[in-house]
Every structure is written in C-alpha cells, then in structure tokens.
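Residue-level structure breakdown
Now for the letters of each chain:
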Amino acid sequence: MRISSLFLLVAALAFLPVAHAADIVGVITFKGTPPAEIPITPLMDNPDCAAMYKTTPTTHFYVVGPKGELADVVVSLKGVTGKSTGASVPPAVLDQKGCMYAPTIMAVQTNQKIVVRNSDNCVHNVHCTPTVPGNEEHNDVQMPGGADLTYTFPKPEMFLRFKCDVHPWMFAWVSVFDSPYFCVSGQDGKFVIKNVPPGKYTVEAAHRKLGTQTRDVEVKDADVTADFTFEVK
Ligand SMILES: [Cu+2]
C-alpha cells in the first residue's frame, strides 16, 4: 500500500463513529438541615486522645457544605461484577489519627490492599467485622509507630465495618466493589465514575445514615450526569 493511501485509510478510520468509554458525573445534595452531630465525650475522658484536642470532637455522620453539598456518599454501578482490577491497583490507606479513623467512609475493589496506619502516639486495635461470607474478620493490635497492617477482601460488601476495641467510638466503613466503577462524593458533593464502557446502568448512591437511591443512565459517547438529593425522612 502506498504511503498516501495508508494515510487516507488512517484518516478515514479516525472519523468512524466509535463508542468510547465516558464518565458518569454528578452532584449529591442534602436538602434541609442535617441532624446535629454528637459530641464524642468518651474520647475526652481518654488522656492520650484528649491531648490531641482543644474542644470535644463530634461525629461526622452528615458532612454537608454551605450549599448542601453532601460528602461521604458511596456511588457505584449496581450489578456490575467480575470486573475487579483490585489486585493491580495502588492500596487504599485507612489512617488512625486523633483517635478517629480517617477517612470514615471509603471504598475499594475486591482484592485491593487496604493499608491501615497508626499515626497516633497511642495503641489502637484494628478490628474489622465483615458480614459477607468469604470476607475474613481480623483483630490486630497496632502499637504507636507500628508497622502498617494490610487487609484485602475478596467479596463485595457495602459498609464493611472497622472498629477499634480500645476506643469504642472509632469506626470506619469500607465498601468493597467487584469493579472499578465507584466513587465516594467529596466535600463539594461531586462524584466521578471514570471510563465507563457504553451501556445501560443503574447508578446507586448510598449514604450510611440516609439510605440508598438509584438512577438509570445510558452511557454513549459523552459524559453522563446523574445528580442525587438526600433528605432526612
Ligand atoms: Cu483506637
């Protein structure tokens, strides 16, 4: 094939309509006034933990911005399974800082490493309590400056609980998905599920206190928007 005709072929192919993966984006809004958070008074009774605070910290069940932007909503594509790339993606880090888990809400893929760190000067006890068969319970002491602990979970599970047996107010909720198509909404209420192949999907938005909502979308060539509004019922 002559160079010029090869060029023409490549140019023609470039303009063929090809369905590309696109992003599913959206904003999560909280409507109304969120319930008052609860002061974690037992934390201030513990000298190691209290030393890290000037005032009593509170729960952060409802992380809501000035315009109702709702963080900590776990958004995923319902029913998409068997697509995990968890074994080859970077670990997710779950820190223990100020006698709290940080973040409180996070999401990983099946078989993705979860690295649990102790950034405090006191001992913590990392105790995960999955409820889905196949996901293993762990209960490990982690000294100050101790080595990171690493866990993986092979089965999808929503809001898998991590707790600390030394500090009974400490919780983290880790959702595990069998695909890379999920996201936790940020402080701006926004989420992006990247590189979704064309097709019809049900987007599920789950907040640990406010429940779950779904929205059907179809991904074609362009990004798709799926906004959600939560309120206390
Ligand atoms: Cu602890």
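The structure reproduced in this document is the subject of the present report. Not measured: the values here are computed from a predicted model.

So, the environment of His207
As for its placement among the helices and strands, His207 is situated in strand E14 (residues 199–207). Each C-alpha atom of the pair His207 and Phe191 lies 13 Å from the other, and the pair is 16 residues apart in sequence. Setting aside chain neighbours within four positions, we find His207 in contact with Phe61, Tyr62, Leu70, Ala71, Asp72, Val73, Phe159 and Phe230. Here Phe61 takes part through its backbone oxygen, which lies 3.2 Å from a polar atom of the side chain of His207.

Some remarks on the state of the cysteines
Summed over the entire model, instances satisfying the criterion amount to one disulfide. Put simply, Cys49 and Cys99 are joined by a disulfide, and their sulfur atoms are 2.0 Å apart. Disulfide Cys49-Cys99: the torsion about the S-S bond is -75°, which places it as left-handed. A residue pair is termed long-range when its members are at least 10 positions apart, and Cys49 in helix H3 (residues 47–50) and Cys99 in the loop between strand E3 (92–97) and strand E4 (100–102) qualify at 50 residues. Classification of Cys49 by relative accessible area gives buried; the value is 0%. With no disulfide partner, Cys128 has as its closest neighbouring cysteine sulfur the one in Cys164, 13 Å distant.

As for the layout of surface pockets
Counted as a void, the largest pocket has a volume near 340 Å³. In terms of lining, the largest pocket is formed by 18 residues, of which the most central are Thr59, His60, Phe61, Thr104 and Phe171. Sorting the residues of the lining of the largest pocket by element identifies E4 and strand E11 (171–177) as the ones contributing at least two each. In terms of residue class, the lining of the largest pocket is made up of 11 nonpolar, four polar and three charged.

Re the nonpolar core
Counting 26 residues, the largest nonpolar core has Leu94, Ile114, Val116, Phe153 and Phe162 as its most contacted members. Those elements giving two or more residues to this core turn out to be E3, E4, strand E5 (105–109), strand E6 (114–118), strand E7 (124–129), strand E9 (149–151), strand E10 (157–164) and E11. Filtering out sequence-adjacent residues up to four positions away, Leu94 remains in contact with Tyr101, Ala102, Pro103, Met106, Ile114, Val115, Val116, Arg117, Phe162, Ala172 and Val174. One finds Leu70, Phe191, Val203 and Val224 within the second-largest nonpolar core, a separate group that totals 25 residues.

Brief notes about the packing of aromatic side chains
All chains considered together, the criterion is met by seven aromatic pairs. Geometrically, the ring pair formed by Phe153 and Phe162 is edge-to-face, given 6.2 Å between the ring centres and 90° between the ring planes. This pair shows no difference in class: Phe153 is buried, exactly as Phe162 is. For the ring pair Phe171 and Trp173, a centre distance of 5.9 Å and an interplane angle of 20° mean the geometry is stacked. Here Phe171 falls in the partly exposed class, since its relative accessible area comes to 28%. The class of Trp173 is buried, set by a relative accessible area of 15%. What links up through ring pairs into an aromatic cluster is the set Tyr101, Tyr151, Phe153 and Phe162. In this arrangement the basic side chain of Lys209 is found over the ring face of Phe61, its NZ or CZ atom lying 4.2 Å from the centre.

Criteria and thresholds
Residues numbered from 1 in each chain as written. Predicted model: local features only at pLDDT ≥ 70, side-chain atom pairs only at ≥ 80, totals over all residues. Heavy atoms only, no water. Helix = DSSP H or I, 4+ residues; strand = E, 2+ residues; numbered from the N terminus. Contact = heavy atoms within 4.5 Å. Polar contact = N/O pair within 3.5 Å; in protein donor to acceptor, adjacent residues only side chain to side chain. Disulfide = S-S within 2.5 Å. Buried < 20%, exposed > 50% of the residue type's maximum accessible area, 1.4 Å probe, protein only. 1 Å grid on protein atoms, 1.4 Å probe; cavity = no way out; pocket = protein on both sides within 12 Å on 5 of 7 lines; lining within 4 Å. Points joined across faces, edges and corners; volume = space filled by probe spheres on them. Nonpolar A, V, L, I, M, F, W, Y, C, P; charged D, E, K, R; others polar. Core = buried A, V, L, I, M, F, W, Y, C linked by side-chain atoms within 4.5 Å. Phe/Tyr/Trp six-rings, centres within 6.5 Å; stacked < 30°, edge-to-face > 60°. Lys NZ or Arg CZ within 6 Å of the ring centre and 35° of its normal.

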